[in-house]
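# Chains, contacts and geometry: an overview
Given next are the chains, with one letter for each unit.
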Amino acid sequence: MYIVYNKKHKELAEKIDKATAELIEDGTLPKLAEKWFGVDFFKDLDYIKKEGFQYEK
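Residues numbered from 1 in each chain as written. Predicted model: local features only at pLDDT ≥ 70, side-chain atom pairs only at ≥ 80, totals over all residues. Heavy atoms only, no water.

### Describing the side chain of aspartate 40
- Examined against the element boundaries, aspartate 40 turns out to sit in the loop between helix H2 (28-37) and helix H3 (45-51).
- Among the polar contacts listed, one links the side chain of aspartate 40 to the backbone nitrogen of phenylalanine 42, at a separation of 2.9 Å.
- Not counting residues up to four positions away in its chain, the partners in contact with aspartate 40 are Pro30, Ala33, Glu34, Tyr47 and Ile48. (Helix = DSSP H or I, 4+ residues; strand = E, 2+ residues; numbered from the N terminus. Polar contact = N/O pair within 3.5 Å; in protein donor to acceptor, adjacent residues only side chain to side chain. Contact = heavy atoms within 4.5 Å.)

Written out as structure tokens, the structure reads:
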């Protein structure tokens, strides 16, 4: 996921990056990805390639 920020909003970007990393580490974002897309795209590319980019199982 990429978010584009105005360069004036560096502090906001850092806060969102930190929160995103925490949500990945505690498993929240991977669970939501599995629920809504059928694949945990927060894992490495080898895993995603193995899944064949099929977001529904």
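### Here we look at the packing of helix H1 (residues 10-25) against H2
- One can describe the packing of H1 onto H2 by two numbers: an axis separation of 4 Å at closest approach and a directional angle of 70°. As judged from the angle between their axes, H1 and H2 are roughly perpendicular. Counted together, Thr20, Leu23 and Ile24 of H1 and Thr28, Leu29 and Pro30 of H2 form the full contact between these two elements.
- Split into classes, the residues belonging to the contact of H1 with H2 amount to four nonpolar, two polar and no charged. (Axes fitted to C-alpha atoms, helices over the stretch in contact; angles between N-to-C directions. Parallel < 35°, antiparallel > 145°, perpendicular 65-115°, else oblique. Nonpolar A, V, L, I, M, F, W, Y, C, P; charged D, E, K, R; others polar.)

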